[in-house]
Amino acid sequence: MKYAIGIDIGGTKVAGGLVDEMGNVTHITRLLSKSSDREEMFAIVCRVIEQVLVDSKLPANEVAVGLGVPGLVDRTAGIAVFQNNLAWENFPVVARLREAFPAIGNITIDNDVYQATRAEWHYAGLQDKEILVYVTISTGMSCAIMTQGDFIRGNGFAGELGLIPLKEKEGQTLTVEQSAAGPALAERGKEAYNDGTVTAEEIFRRYRLGEPLAKELVESWSQDVSRAIYMVVSLLDPQKIVFGGSVMTLNPDLLPLIKTKLGEWIVTAQAHSISTLSISPYPNTGGIIGAGLQALN
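Note that residues are indexed from 1 along each chain, following the sequence as it is written. Totals for whole chains, interfaces and linings use all residues, but because this is a predicted model, local features are given only for residues with pLDDT of at least 70 and pairs of side-chain atoms are given and counted only at 80 or more. The side-chain quantities take in all heavy atoms of the structure and omit both hydrogens and water.

Moving on, we get to the packing of aromatic side chains. For Phe, Tyr and Trp, rings pair up if their centres lie within 6.5 Å, where Trp contributes its six-membered ring, and each pair is then called stacked (planes under 30 degrees apart), edge-to-face (over 60) or tilted (otherwise). One pass over the full model with this rule turns up five aromatic pairs. Arranged with centres 4.5 Å apart and planes meeting at 35°, the rings of Tyr 114 and Phe 151 form a pair that is tilted. One end of the pair, Tyr 114, is in helix 3 (residues 112-124); the other, Phe 151, is in strand 10 (residues 150-151), and 37 residues separate them in sequence. Note on accessibility: Tyr 114 and Phe 151 belong to one class, buried. When the ring of Phe 204 is compared with that of Trp 221, the centres are 5.7 Å apart and the planes differ by 70°; the resulting orientation is edge-to-face. With Phe 204 in helix 6 (residues 200-208) and Trp 221 in helix 7 (residues 212-236), this pair connects stretches of sequence that are 17 residues apart. The same class applies to Phe 204 as to Trp 221, namely buried. Working rule: Lys NZ or Arg CZ, within 6 Å of ring centre, within 35 degrees of ring normal, means a charge sits over the ring. In this structure, Arg 96 packs its charged tip against the face of Phe 42, placed 4.5 Å from the ring centre. Taking the ring centre of Tyr 193 as reference, the NZ or CZ of Arg 206 above it sits at 4.4 Å. Put simply, DSSP marks the helices as runs of H or I at least four residues long and the strands as runs of E at least two long, and each gets a number from the N terminus on. Accessibility here uses a 1.4 Å probe with only protein chains present; expressed as a share of the type maximum, an area under 20% marks a residue as buried, one over 50% as exposed, and anything in between as partly exposed.

Per the annotation, domain bounds derive from an automatic or database assignment of domains. For the protein chain, the domain assignment lists domain 1 (3-116 + 285-296) and domain 2 (126-279). Between the C-alpha centres of domain 1 and domain 2 there is a distance of 28 Å. Facing the six residues of domain 1 at the interface are ten residues of domain 2. Once two parts are put together, the accessible area they lose, assessed with a 1.4 Å probe and summed over both, is termed the buried area. For the pair domain 1 and domain 2, the two sides together bury roughly 710 Å², of which 62% comes from carbon and sulfur. Interface area lost by domain 1 to domain 2 is led by Leu 72, Val 113 and Tyr 114, which between them contribute 74%. Any two residues whose heavy atoms approach within 4.5 Å at even a single point are treated as in contact.

Glancing now at the sheet that holds strand 10. For two strands to be treated as a pair, DSSP must find at least two bridges joining them. Pairing is mixed across the open sheet formed by five strands, whose spatial order is 10-9-8-13-14. With partners counted over all chains shown, the strands left at the sheet margins are strand 10 and strand 14 (277-279), one partner each. Lying over the sheet, helix 9 (residues 255-263) contacts strand 13 (240-244) and strand 14, oriented at roughly 160° with respect to strand 14. To get an axis, a line is fitted to the C-alpha atoms, and for a helix only the part in contact is used. The angle between two axes follows their N-to-C directions and goes from 0 to 180 degrees.

Looking only at helix 6, the buried set comprises Ala 200, Ile 203, Phe 204 and Arg 206. With its buried residues spanning 165° around the axis, helix 6 presents them on a single face. Looking at the buried residues of helix 6, the elements they touch are helix 5 (182-193), helix 7 and helix 8 (246-249). Downstream of helix 6 by one or two residues, Gly 210 has phi in the positive range, about 85°. Arc, as used here, means the arc of the directions from the helix axis to the C-beta atoms.

A few words on the packing of helix 6 against helix 7. Think of two packed helices as two axes; the pair is described by the angle between the axes and how far apart they sit. Two numbers describe how helix 6 lies on helix 7: the axes approach to 8 Å, and their chain directions differ by 115°. The crossing of helix 6 and helix 7 is left-handed. The segment helix 6 lies against helix 7, with Ile 203, Phe 204, Arg 206 and Tyr 207 engaging Ala 214, Lys 215, Leu 217, Val 218 and Trp 221. Each residue gets one label: Ala, Val, Leu, Ile, Met, Phe, Trp, Tyr, Cys and Pro are nonpolar, Asp, Glu, Lys and Arg are charged, and the others, such as Gly, are polar. Residue classes in the contact of helix 6 with helix 7 are distributed as seven nonpolar, no polar and two charged. Throughout, a crossing is termed right-handed when the near helix is turned clockwise from the far one, and left-handed when it is turned anticlockwise from it by less than a right angle.

A few words on the environment of Lys 261. Relative to the elements of secondary structure, Lys 261 occurs in helix 9. With 37 residues separating them in the primary sequence, Lys 261 and Asp 224 have C-alpha atoms 8.9 Å apart. Apart from the residues lying within four places of it in its own chain, the contact partners of Lys 261 are Glu 219, Ser 222, Gln 223 and Ser 226.

This is the structure:
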């Protein structure tokens, strides 16, 4: 059995684990990020790799390493090009890791959403010509598209669903992300309740208690999500749409509501699309698994 250490790098935490060829993950380590410090952030990634090696009792020369990094990456050069939540602009992370761990053989890098999508493709078991779209909703909103076991990348920035203009509000054009990501719902709640401490989690809690205002907020939010998903359906007609990100994985009971709202847009020929929606089976480990699988393959 071959093994890789998959690393999921984010502005809040760095998570890593040992991934095998079947997509199983063990020996998971998570450390808090130092996103504003370029070198300290790299040191944290190194510490995660070291801890996984210690826990797994595997020598460095028997593992590969795969990285998932937010934002734009240069996969060939191994560079983290641009991230809005890390101080890693044009950071040669792969070269630096090769210096730090000379015994490790293969080291690969990709965008973190793409890595999580890789895990979803592995799990879904789709046919080569079928299409999978992974949509992540958390502090931001984005997606990635796979078919025939590989990504549709365009010129390198494909899948930025969150950037698409969605609606007008008070003379301002709001994007999908500004309307449907977690912070967008929180902002609606702060305004509606006249309370600057309201969070998306609190709104969902009140929604489950049947509070009318929370119900109104969540239904409006779910309509915006469904509009974004309908764009995906109309453009790609995919066989599978999987939701990831904390907003959806922590609130799986919202999926039927989104399906209902999507049904308001769907035409008869697209009715099958409602059944394609699901929640990720990897709420906390998809990015680790996908990064590990990339390094192994």
